[in-house]
Amino acid sequence: MLSQKAWSPYAAGIVIGLLQIPAFLLIETALGASSSYVTVGGLLASWLDPSVVKIDYVAKHIAATGKNWWQVALVVGVAIGAFVSMRISGASRAAISPIWRNALGSASPAKRYAVAFVGGFLMLLGARIADGCTSGHGLSGMAQLSVGSTVAVAAMFVGGIATAMLLLRRV
Amino acid sequence: MSVTAAIAIGIAMGIVFGFALEKSRVFEPGVIVGQMQMRNFIMLKVFLTAVATGAVVLAALNGFGIVKLAPKAAMYYADVVGGLILGAGIALAGACPGTTLAQIGAGYRDALFTLIGGLFGAMTYSYAEPTLSKTFLGQSSGKLIFSQLMGIPYWAGALGLAAVVALVLVGLETWRPWRDDLGKDVDGDLASASPAPSHIRTVPAE
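What comes next is a walk through the structure. (Residues numbered from 1 in each chain as written. Chains lettered and ligands numbered in written order. Predicted model: local features only at pLDDT ≥ 70, side-chain atom pairs only at ≥ 80, totals over all residues. Heavy atoms only, no water.)

Structural notes on the side chain of R112 of chain A
The condition that has to hold: Strands are runs of DSSP state E lasting at least two residues, helices are runs of H or I lasting at least four, and both sets are numbered from the N terminus onward. Classification of residues uses two cut-offs on accessible area relative to the type maximum, computed with a 1.4 Å probe and protein chains only: under 20% is buried, over 50% is exposed, and between them is partly exposed. We call two residues contacting when some pair of their heavy atoms lies within 4.5 Å.
Its location among the elements puts R112 of chain A in helix α7 (residues 109-130). Given the relative accessible area of 2%, R112 of chain A is considered buried. When neighbours within four sequence positions are excluded, R112 of chain A is seen to be in contact with I96, W100 and L104 of chain A together with L92, A93 and D110 of chain B.

Considerations on α7 of chain A
Residues and elements named next belong to chain A. Our working rule: In this analysis, the expected span of each helix is defined as 1.5 Å times one less than the number of residues it contains. Polar contacts here mean pairs of N or O atoms no more than 3.5 Å apart (in protein, one a potential hydrogen donor and the other a potential acceptor; neighbouring residues in sequence count only if both atoms are side-chain atoms).
In this model, α7 (22 residues) spans 31 Å end to end at C-alpha, consistent with the 32 Å of a helix rising 1.5 Å per residue. One side-chain oxygen at the N-terminal end of α7 lies 3.3 Å from the backbone nitrogen of A110; it belongs to S108. Looking at the residues trailing α7, positive phi occurs at D131, about 65 degrees.

Description of the interface of chain A and chain B
How we decide: For this document, the term salt bridge refers to a Lys or Arg side-chain nitrogen within 4 Å of an Asp or Glu carboxyl oxygen. Just so you know the grouping, Ala, Val, Leu, Ile, Met, Phe, Trp, Tyr, Cys and Pro go in nonpolar, Asp, Glu, Lys and Arg go in charged, and all remaining residues, Gly too, go in polar.
Across the boundary between the two partners, chain A contributes 124 residues, which contact 119 residues of chain B. At the junction of chain A with chain B, the criterion picks out three salt bridges. The shortest N-O distance in the salt bridge between R93 of chain A and E28 of chain B comes to 2.5 Å. For the pair chain A and chain B, the interface holds 26 residue pairs in polar contact (both at pLDDT 80 or more). In terms of residues, the side of chain A that touches chain B owes the most to one element, helix α5 (residues 66-89) of chain A, which gives 19 residues. In the side of chain A that touches chain B, the residues fall into 82 nonpolar, 34 polar and eight charged.

Topic: the side chain of T114 of chain B
Turning to its location among the elements, T114 of chain B is positioned in helix α6 (residues 110-132). Those residues within four positions of T114 of chain B in sequence are excluded, and the remaining contacts are A116, F117, G120 and M123 of chain A together with A93 and T100 of chain B.

Describing the layout of surface pockets
We count it as follows: Both site types are read off a 1 Å grid over the protein atoms alone. A 1.4 Å probe that fits but cannot get out defines a cavity, while an open set with protein on both sides within 12 Å along at least five of seven lines defines a pocket; lining residues have an atom within 4 Å of a point. Grid points are joined across faces, edges and corners, and a volume is the space filled by probe spheres set on the points.
Roughly 1000 Å³ of volume is contained in the largest pocket. Lining the largest pocket are 44 residues, and of these S35, K60, R128 and D131 of chain A together with K72 of chain B lie nearest its centre. Looking at the lining of the largest pocket, the elements that each hand over two or more residues are α3 (35-48), α4 (56-62), α5, α7 and α8 (134-143) of chain A together with α6 of chain B. Class assignment for the residues of the lining of the largest pocket results in 16 nonpolar, 19 polar and nine charged. Volume-wise, the second largest pocket comes out at about 190 Å³. Lining the second largest pocket are G41, L44, A45 and L48 of chain A together with I116, L119, F120, M123 and Y127 of chain B. Those elements that place two or more of their residues in the lining of the second largest pocket are α3 of chain A together with α6 of chain B. No other element matches the five residues that α6 of chain B contributes to the lining of the second largest pocket. Tallied by class, residues from the lining of the second largest pocket come to eight nonpolar, one polar and no charged.

Observations concerning α3 of chain A
In an α-helix, one turn spans 3.6 residues, which is why side chains three or four residues apart end up on the same side. The end-to-end C-alpha separation of α3 of chain A is 20 Å, in line with the 20 Å expected for 14 residues at 1.5 Å each. Buried within α3 of chain A we find S36, Y37, V38, T39, G41, G42, A45 and S46 of chain A. On the buried face of α3 of chain A, the contacting elements are α4, α5 and α7 of chain A together with α5 (99-106) and α6 of chain B.

Let's talk about the packing of α8 of chain A against helix α9 (residues 147-166) of chain A
Residue and element names in this part refer to chain A. Put simply, the test is: With axes taken as lines fitted to C-alpha atoms, and helix axes fitted only over the stretch in contact, angles between N-to-C directions fall between 0 and 180 degrees. Note on terminology: angles under 35 degrees are roughly parallel, angles over 145 are roughly antiparallel, angles of 65 to 115 are roughly perpendicular, and the others are oblique. When the near helix sits turned anticlockwise from the far one by under a right angle, the crossing is termed left-handed; a clockwise turn instead gives a right-handed crossing.
Relative orientation of the contacting elements α8 and α9 amounts to 130 degrees, with a least axis distance of 9 Å. Compared by their axis directions, α8 and α9 come out oblique. Both α8 and α9 take part in a crossing whose hand is left-handed. Each of T134, H137, G138, G141 and M142 in α8 lies in contact with α9, whose residues at this interface are S149, T150, A152, V153 and M156. Partitioned by chemical class, the residues of the contact of α8 with α9 number four nonpolar, six polar and no charged.

Some details on empty space enclosed by the protein
Enumeration over the complete set of coordinates arrives at one cavity of 30 Å³ or more. A volume near 200 Å³ is recorded for the largest cavity. Forming the boundary of the largest cavity are 14 residues, of which T134 and L139 of chain A together with L21, V26 and T99 of chain B lie nearest the centre. Within the lining of the largest cavity, the residues separate by chemical class into 10 nonpolar, four polar and no charged.

Digging into the nonpolar core
Going by this rule: For this analysis, a nonpolar core means a set of buried residues of the types Ala, Val, Leu, Ile, Met, Phe, Trp, Tyr and Cys, connected via side-chain atoms within 4.5 Å.
Of all hydrophobic cores here, the largest spans 93 residues; its most connected members are I16, L31, W70 and L168 of chain A together with M13, F17 and M43 of chain B. With eight residues, helix α3 (residues 42-63) of chain B is the largest single contributor of residues to this core. Every residue in contact with L31 of chain A, bar those within four places of it in the chain, is listed here: I16, L19, Q20, A23, W70, L74, S135, G136 and S140 of chain A together with M13 of chain B. In terms of nonpolar packing, the next biggest core, distinct from the first, is built from 13 residues, L58, L61, I145 and A158 of chain B among them.

Keep in mind that these numbers describe shape and distance, not what the molecule does.
Following this line, the structure appears as structure tokens:
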């Protein structure tokens, strides 16, 4: 089973949903991912600009607390888990997914890297404004029946669908 | 709990998370962009299944008084503005903040640019936060959950949500089986599964 290339989305979704158990019981928080970008980004920025730690928001995120660094460890673990899963199944990926040639109408890696950078920038800018991402608002917020998270997820899909329909070509 | 223990737990949980993201193929740009173009439904299926599972788990843990809920405050302006920008970023990155790391683990090089862009985005917000939090984006309506508005216990609302989601998923799967969305190389690339375009068809030697 671990060497299969693809699981049903239902099996994988159940595994992801069950991760709320250790998150709530051991860390007393819900699954999330985007705060870790502030923790790591804040730490890196503080080397260039020590005054950044005077911003309460940054200080709160880079503090040596279990919750902050648990989430950084979580996303590092995600990379490790995906790498191991890939290796066990014997799959391999090109440097850039073949869909981008169609979606961007160009095979230029430089163009794709530029779009990825802009995409990443908007993703985290938006996630921090909304105070959560697909994990924090989506998986955790909706499971907790949060009104604000449901609004954020709806906006996220509206923004994503509009952008993918208007700016990207058919994949 | 010590920070070291929290990090060890985080790594272990992350490995399971990354494993499930990779196996489900939901981390693939082809699956995420495909979902946003309404041609691929794997992302919605994984997402809704994880939400319903989380709701059942939390209904039990909270219903028996073992854990407290930790919902985020409703900040409608910030939720809408941030959500729209986040969604635009997801479409262009072909990733979410979490699946970016799965893409890096799986060997997609462009995901490194997504990650660096993400760190810049997070820091741009951090520098602006003291100002932004004083504007309409900082307005909060407090922690609000649907079950509270309906006057029912959380566990009942959560189980109800899970039941509705399960029905939606049965309908979705009947309409469109998940294997149809995988693509030949399980990357959600459905275009290359169709016959090659005529101009690259090999010409027989004379």
